[in-house]
Amino acid sequence: MTAASADSVRRGRFLQELGIGPVWVQRQRAVQTSPSVVPSPLPSGVPVRTPSALPPSEMPPVTMVAAPVNMKQEKAASAWDDVPVPVPVPVQAAAAAAPATTLLVAPIDDGAVAIASMSWQELDIAVANCTRCPLCRNRKQAVLGTGDPKAGWLFVGEGPGAVEDQQGEPFVGPAGKLLDSMLLALDLRRGENSYLANAVKCRPVDADGKDRPPSADESAACRPYLERQITLLKPAVIVALGKVAALSLLGGDPKIAVATLREHTHRYGSIPVVVTYHPAYLLRKPLDKAKSWRDLCLAAQAYANDGKLAV
Ligand code: URA
């Protein structure tokens, strides 16, 4: 038996142990494709979001913006209600004075501008102290992300749940266990050539204190952190786990289904993005694991084709 086939048998056993084999048997990954057979970047009608050029309609609303992050500042003593109202700058005044139909300039998000030049350490502090949206009110702690800061693979989820909020690490609950097995099937491990992050860094809860998906406003307020993480990481490929992650990375119609976004290699700037089902969904619909495995194989192709690309 060759080393490669021994490895494949070992992985098959491992996946079966986890109850996801033989569905997760690797079928497509060995197939070498030329760039021309990688599916076209987008299904028709799905717009690309580039990191630097958001249309004004998609800029985070001014009302969500707190004062610029002051790295020397101690953790904000007060919650969202006490956040100072941003002082309007002349350019915002000009935009406000203009007729509604002729918005000349997008409002400047000073906080986002500051975030765009932060180091990992600064990001960590900024996220821990963030008050950019009301999710800061209920968090035990913010969850920036975890993994190899030079990872080739970035996996983006929705937002922390109860366990993640408690432990300060993404994907440590039941969905995280499945994600770990998905990583292993790709020969990846948490922290080894992979980085796990979320569209929002604080746990969204509903009126009953249960986990819920983040709203579009919450995702928009948090997006500068994710954008900075991507710029610092420069991953070779991004896997968007579920619709919230896909919309945060690619924009587009909030009503679009993950099923429509799957099976295409999208782009975030120059970085390939593959959309697949969120592991929490796969726990509820295990039959869709086979589709998700196909998506991961597509991502593996994109990884192999693109290599490490500069953003
Ligand atoms: N679901 C997510 O999307 N992210 C986590 O960190 C945990 C569960």
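Located above this text is the structure these notes cover.
A few points on the structure. Everything numeric here is computed off the predicted structure, so don't read it as measured data. (Residues numbered from 1 in each chain as written. Predicted model: local features only at pLDDT ≥ 70, side-chain atom pairs only at ≥ 80, totals over all residues. Heavy atoms only, no water.)

## Details of the nonpolar core
Ranked by internal contacts, the top residues of the largest apolar core, which has 61 residues, are Trp153, Phe155, Ile238 and Leu249. When residues of this core are assigned to their parent elements, the largest contribution, 7 residues, is made by helix H11 (residues 289–306). Phenylalanine 155 has contacts with Leu179, Leu183, Leu186, Leu188, Ser194, Tyr195, Leu196, Ala197, Val239, Leu241 and Leu296, leaving out every residue within four places of it along the chain. (Core = buried A, V, L, I, M, F, W, Y, C linked by side-chain atoms within 4.5 Å. Buried < 20%, exposed > 50% of the residue type's maximum accessible area, 1.4 Å probe, protein only. Helix = DSSP H or I, 4+ residues; strand = E, 2+ residues; numbered from the N terminus. Contact = heavy atoms within 4.5 Å.)

## A look at the site of the ligand
All residues adjacent to the ligand are Gly157, Glu158, Gly159, Glu164, Pro170, Phe171, Asn198 and His278. In this structure, an oxygen atom belonging to the ligand sits 2.9 Å away from a main-chain N or O atom of phenylalanine 171. Between a nitrogen atom of the ligand and a side-chain N or O atom of asparagine 198, the distance comes to 2.8 Å. When the ligand sits alone it has 230 Å² of accessible area, and the protein chains cover 91% of it. Residue composition of the shell around the ligand, by class: 2 nonpolar, 4 polar and 2 charged. (Near = heavy atom within 4 Å. Polar contact = N/O pair within 3.5 Å; in protein donor to acceptor, adjacent residues only side chain to side chain. Areas by Shrake-Rupley, 256 points an atom, 1.4 Å probe, with all protein chains shown as cover. Nonpolar A, V, L, I, M, F, W, Y, C, P; charged D, E, K, R; others polar.)

## With respect to the pairing of strand E2 (residues 153–157)
With 5 of its 5 residues buried, E2 lies for the most part within the structure. Along E2, one buried face is formed by Trp153, Phe155 and Gly157 and the opposite face, lined by Leu154 and Val156, is buried too. Pairing analysis gives 5 bridges linking E2 to strand E3 (residues 194–198), with the strands arranged parallel. Its bridge partner lying in E3, glycine 157 is registered against asparagine 198. Here E2 pairs with strand E4 (residues 237–241) via 4 bridges, running parallel. Pairing of leucine 154 across the sheet is with isoleucine 238, part of E4. (Pairing = 2+ DSSP bridges.)

## Overview of unusual backbone geometry
In this model, phenylalanine 171 sits at a positive phi of 55 degrees, which is unusual for a non-glycine residue. Its identity as a non-glycine residue notwithstanding, lysine 234 has a phi of 50 degrees, on the positive side. Note on placement: lysine 234 falls in the loop between helix H7 (216–233) and E4.

## Re helix H4 (residues 120–128)
Every buried residue of H4 is listed here: Leu123, Ala126 and Val127. Buried residues in H4, looked at end-on, bunch into an arc of 95 degrees, giving them a common side. Against helix H3 (110–115) and H7 lie the buried residues of H4. (Arc of directions from axis to C-beta.)

## What about the packing of H7 against helix H8 (residues 243–250)?
Relative orientation of the contacting elements H7 and H8 amounts to 75 degrees, with a least axis distance of 10 Å. Relative to H8, H7 is oriented roughly perpendicular. On H8, the residues touching Ser219, Arg223, Leu226 and Ile230 of H7 are Val244, Ser248 and Leu249. Classifying every residue of the contact of H7 with H8 gives 4 nonpolar, 2 polar and 1 charged. (Axes fitted to C-alpha atoms, helices over the stretch in contact; angles between N-to-C directions. Parallel < 35°, antiparallel > 145°, perpendicular 65-115°, else oblique.)

## Here's the deal with the packing of aromatic side chains
Under the counting rule described, the total for this entry stands at 4 aromatic pairs. Note on tryptophan 153 and phenylalanine 155: the rings are 5.8 Å apart at their centroids and 10 degrees apart in plane angle, and the pair reads as stacked. In this pair, the class of tryptophan 153 matches that of phenylalanine 155, namely buried. Geometrically, the ring pair formed by tyrosine 277 and tyrosine 281 is stacked, given 4.7 Å between the ring centres and 25 degrees between the ring planes. Since its relative accessible area comes to 23%, tyrosine 281 is described here as partly exposed. (Phe/Tyr/Trp six-rings, centres within 6.5 Å; stacked < 30°, edge-to-face > 60°.)

## As for H11
Think of an α-helix as 3.6 residues a turn; residues three or four steps apart then line up on the same face. Compared with an ideal rise of 1.5 Å per residue, which puts 18 residues at 26 Å, H11 spans 25 Å between its outermost C-alpha atoms and is within 8% of the ideal. As for H11, its buried residues are in contact with E2, helix H6 (174–185), E4, strand E5 (265–268), strand E6 (271–276) and helix H10 (279–284). (Expected span 1.5 Å × (residues − 1).)

## Quick look at the environment of serine 119
With respect to the helices, strands and loops of the structure, serine 119 is situated in the loop between H3 and H4. Given a relative accessible area of 30%, serine 119 falls into the partly exposed group. Considered as a pair, serine 119 and glutamine 229 are 110 residues apart in the sequence and their alpha carbons are 9.2 Å apart.

## Notes on the pattern of salt bridges
Under the defined criterion, the tally for this structure stands at 8 salt bridges. Aspartate 211 is paired through a salt bridge with arginine 203; the nearest N and O atoms lie 2.6 Å apart. On the basis of relative accessible area, aspartate 211 is assigned to the partly exposed category, the value being 43%. What makes arginine 203 buried here is its relative accessible area of 15%. Notably, a salt bridge pairs glutamate 218 with arginine 212, separated by 2.9 Å at the nearest N-O pair. Within the structure, one salt-bridge network assembled from shared partners comprises Glu169, Asp180 and Arg190. (Salt bridge = Lys/Arg side-chain N within 4 Å of Asp/Glu carboxyl O.)

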